[in-house]
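# Observations on chain architecture
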Protein chains: 2
Amino acid sequence: MSTATSTQILLASRPTGWPSPENFTTTTTELAELAPGEVRVRNEFVSVDPYMRGRMNDSRSYVAPYALGERITGGAVGRVIASADGTLAEGTLVLHQHGWSDTIQAPAATFSALPEVPGVPSSLHLHILGMTGMTAYVGLTAIAQLREGETVFVSGAAGAVGTATGQLAKLLGAGRVIGSAGSPEKVALLTQKYGYDAAFDYKDGDVAGQLAAAAPEGIDVFFDNVGGDHLEAALAAFNDGGRAALCGAISAYNATEAPAGPRNLTNLITRGLRLEGFTLGHYLHLAGEFRERVTPWFAEGRIAYDETVVDGIENTVEAFLGMMRGQNTGKMLVRI
Amino acid sequence: MSTATSTQILLASRPTGWPSPENFTTTTTELAELAPGEVRVRNEFVSVDPYMRGRMNDSRSYVAPYALGERITGGAVGRVIASADGTLAEGTLVLHQHGWSDTIQAPAATFSALPEVPGVPSSLHLHILGMTGMTAYVGLTAIAQLREGETVFVSGAAGAVGTATGQLAKLLGAGRVIGSAGSPEKVALLTQKYGYDAAFDYKDGDVAGQLAAAAPEGIDVFFDNVGGDHLEAALAAFNDGGRAALCGAISAYNATEAPAGPRNLTNLITRGLRLEGFTLGHYLHLAGEFRERVTPWFAEGRIAYDETVVDGIENTVEAFLGMMRGQNTGKMLVRI
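Residues numbered from 1 in each chain as written. Chains lettered and ligands numbered in written order. Predicted model: local features only at pLDDT ≥ 70, side-chain atom pairs only at ≥ 80, totals over all residues. Heavy atoms only, no water.

### Section: empty space enclosed by the protein
Filter applied, for reference: Put plainly, a pocket is an open set of points on a 1 Å grid over the protein atoms alone with protein on both sides within 12 Å along at least five of seven lines, a cavity is a set where a 1.4 Å probe fits but cannot get out, and a lining residue has an atom within 4 Å of a point. Grid points are joined across faces, edges and corners, and a volume is the space filled by probe spheres set on the points. Secondary structure elements are taken from DSSP: a helix is a run of H or I of four residues or more, a strand is a run of E of two residues or more, and numbering for both begins at the N terminus. Residue type decides the class: Asp, Glu, Lys and Arg count as charged, Ala, Val, Leu, Ile, Met, Phe, Trp, Tyr, Cys and Pro as nonpolar, and the leftover types, Gly among them, as polar.
All chains considered together, the criterion is met by two cavities of 30 Å³ or more. Taken as a whole, the largest cavity holds about 40 Å³ of empty space. With three residues, the single largest contributor to the lining of the largest cavity is helix 3 (residues 160-171) of chain A. Of the residues contributing to the lining of the largest cavity, the split by class is four nonpolar, three polar and two charged. The computed volume of the second largest cavity comes to approximately 40 Å³. In terms of lining, the second largest cavity is formed by H127, I128, T132, A160, T163, A164, Y305, D306 and K331 of chain B. For the lining of the second largest cavity, the element with the highest residue contribution is helix 3 (residues 160-171) of chain B, accounting for three residues. For the lining of the second largest cavity, the residue count by class is four nonpolar, three polar and two charged.

Spelled out as structure tokens, the structure:
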């Protein structure tokens with residue numbers, strides 16, 4: 001076997017506030033010969049996700065912080081290019097959590113073989129048919145318990161989870177779906193491509209007023225990717241018995257001082273509301289249900305998606321920072 | 001029938017911030033002859049409750065605001081002293097919502113006959129065996145879904161709901177129950193009389209620190225009567241999968257400007273927490289279950305209670321204001 005190398009992105013220092021390129025280092029190492037039971041995978045796509053920012057802090061969270069000097073781990077999809085294990089043959093498409101590298105070598109058990117479906121690009125396993133789509137599905141069903149005909153508000157709706165959420169809400173029976181996004185272009189996409197009935201630009205300010213105008217009869221379900229003033233606006237707009245699935249709080253991820261919460265939490269009591277946070281790790285038992293319900297919708301062409309693709313492992317940090325600044329439409333990916 | 005009078009307390013003006021005696025007027029009127037279908041009830045006890053403060057505002061809430069110039073309505077227990085209706089004989093003990101008056105005359109259908117159990121004072125139907133006890137029960141069971149062995153934190157634990165909550169939590173299987181209260185005397189009562197395993201004085205400050213010390217292994221359930229820094233402290237102390245039943249927010253009731261919410265709401269996401277507000281009106285279908293489970297515990301002497309009793313309808317406003325300031329231990333009542 002000829003000498004192979006792996007280029008990886010490591011966490012060099014913990015960001016304070018917004019991360020910058022100096023917080024990361026790129027290193028290229030030679031790979032050893034495969035040990036028995038190992039495979040070598042050449043990645044096709046590497047995922048950059050908001051939750052990674054939380055893991056760069058050294059604080060208690062639902063997953064352990066990244067260690068300094070180690071590779072940023074996370075979702076990626078690639079193909080086996082060499083195998084010393086009977087279960088994964090060369091050429092197999094695989095999903096894994098080894099993260100930010102172009103080539104990875106590890107025990108075969110740390111990779112999952114993926115079905116290769118004609119017309120389904122491998123990148124979809126990193127979003128609409130993977131964790132992203134399932135996050136939307138779990139939030140709407142298991143957490144918010146969406147019922148037929150209800151009005152749904154999705155914050156940060158032009159992101160990877162948000163674009164999936166609006167469409168799945170409709171397919172699950174929602175009456176009216178409203179989204180917020182951070183630019184006029186994204187707002188237009190929400191109603192023109194992603195099936196939202198109404199959308200507004202939160203950078204125009206007055207989120208509560210814009211939401212009230214878009215949902216004159218109030219909202220029943222809130223799927224929150226943003227937190228902050230979006231949560232306060234939703235609490236004001238909720239009908240009695242409303243439910244929020246709290247999925248993300250991108251507004252707070254880079255704050256060095258924790259921002260104060262909404263001033264209208266007492267609405268929880270007077271209107272009988274529920275706020276529930278979740279991370280997908282506790283709902284993996286719903287993966288089968290998710291695939292069974294959503295794959296046919298996808299096959300029927302009823303689910304649109306966008307990808308923002310950056311080329312080259314050396315541009316991964318730039319892709320991550322761009323995603324944090326909201327420069328992506330749909331799922332942000334690095335193509336190797 | 002000799003001429004009878006009714007002394008009532010009316011809302012004269014809407015309080016801004018803390019209510020004061022000027023917001024109320026006391027009026028005594030002669031009662032007309034009983035019309036067919038009416039009864040006249042002499043109250044024994046009249047209830048003053050935190051939720052009444054909310055109804056004094058002219059704002060959307062779970063019950064309509066009080067009208068200016070009209071009687072403050074709410075729970076009371078009394079005895080029929082004259083009847084022009086076949087269903088309620090003179091002498092019957094009744095529960096009703098006619099509120100702050102010494103004598104009330106109204107259609108018989110607006111009163112509910114109460115069982116007279118030896119050793120059960122009539123006042124208990126205004127708290128431990130009535131709405132108060134049921135609020136504690138519903139919050140712990142239907143809302144927070146308390147499980148065997150869990151650690152429970154109750155804020156404002158020396159109040160009417162709080163004293164019931166700690167005891168019911170234990171009877172429902174909680175492992176450890178922690179309460180906060182607003183004076184050293186109340187704190188002592190919590191552990192000596194009300195079965196709390198630990199208690200602290202929130203007026204000593206650092207609610208988060210005191211809670212962490214009392215619950216070194218974290219909390220699983222939070223029953224909140226206070227809001228504000230108590231909610232923030234609970235969010236910091238929650239174990240993964242924790243649930244909060246939000247019952248009251250006495251810290252916010254008299255604020256003229258809505259206070260900011262907790263700064264650590266993102267813990268909802270990272271720890272998979274749930275905050276759910278409730279008012280008893282939506283859970284009245286659980287009244288039978290509540291009475292079936294709790295009455296035997298009471299009969300076995302396993303539920304202690306306190307009452308703070310003020311005498312005389314003319315002192316009702318004082319009783320209400322005292323309750324808002326935390327001067328009561330257990331249920332605040334006006335004895336007629």
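From this point on, the discussion continues.
### Overview of the interface of chain A and chain B
Defined as follows: Here, two residues are considered to be in contact whenever any of their heavy atoms come within 4.5 Å of each other. A 3.5 Å cut-off defines polar contacts: any pair of N or O atoms within that distance qualifies, except that in protein one atom must be a possible hydrogen donor and the other a possible acceptor, and neighbouring residues in sequence count only when both atoms are side-chain atoms. A pair of strands is considered paired only if DSSP assigns at least 2 bridges between the two.
Facing 32 residues of chain A, the contacting portion of chain B comprises 32 residues. Where chain A meets chain B, there are six residue pairs in polar contact (both at pLDDT 80 or more). Contributing elements (two or more residues each) for the side of chain A that touches chain B: strand 12 (238-246), helix 7 (267-270) and strand 13 (274-277) of chain A. Bridge analysis of strand 13 of chain A against strand 13 (residues 274-277) of chain B gives three bridges, and the strand direction is antiparallel.

### A word on the packing of aromatic side chains
Here is the rule we go by: When the centres of two rings from Phe, Tyr and Trp lie within 6.5 Å, Trp using its six-membered ring, the rings pair. Their planes under 30 degrees apart give stacked, over 60 give edge-to-face, and anything left gives tilted. For every residue, the accessible area obtained with a 1.4 Å probe (protein chains only) is divided by the maximum for its type, and the residue is called buried under 20%, exposed over 50%, and partly exposed between those limits.
All told, the structure shown has 18 aromatic pairs over all chains when counted by the stated rule. When the centroid spacing of 5.8 Å and the interplanar angle of 55 degrees are considered together, the rings of Y137 of chain A and F290 of chain A count as tilted. With Y137 of chain A in helix 2 (residues 131-143) and F290 of chain A in helix 8 (residues 287-299), this pair connects stretches of sequence that are 153 residues apart. Across the pair, exposure class does not vary: Y137 of chain A and F290 of chain A are buried alike. Each ring, one from F24 of chain B and one from W100 of chain B, has its centre 6.1 Å from the other, and the planes form 40 degrees; the classification is tilted. Of the two residues, F24 of chain B is situated in strand 2 (residues 24-30) and W100 of chain B in the loop between strand 5 (93-96) and strand 6 (103-107); the sequence distance between them amounts to 76 residues. Among the aromatic residues, those joined into a cluster by ring pairs are F24, W100 and F320 of chain A.

### Comments concerning the domain arrangement of chain A
We apply this condition: Each domain's extent is set by a domain assignment, obtained either automatically or from a database.
By domain assignment, chain A separates into domain 1 (5-123 + 307-335) and domain 2 (131-281). Placing a centre on the C-alpha atoms of domain 1 of chain A and another on those of domain 2 of chain A gives a separation of 29 Å.

### Quick look at the pattern of salt bridges
Our working definition: Note on definitions: salt bridges are taken to be side-chain nitrogens of Lys or Arg within 4 Å of carboxyl oxygens of Asp or Glu.
This structure, assessed with the given rule, holds 24 salt bridges over all chains. Here R147 of chain A ties to E150 of chain A by a salt bridge, and the two come within 3.5 Å at their closest N and O atoms. Under the relative-accessibility criterion, R147 of chain A is labelled partly exposed at 49%. The closest approach of N and O atoms between E276 of chain B and R274 of chain B, which form a salt bridge, is 3.8 Å. Each of E44, R79 and E116 of chain A takes part in a single network of salt bridges with overlapping partners.

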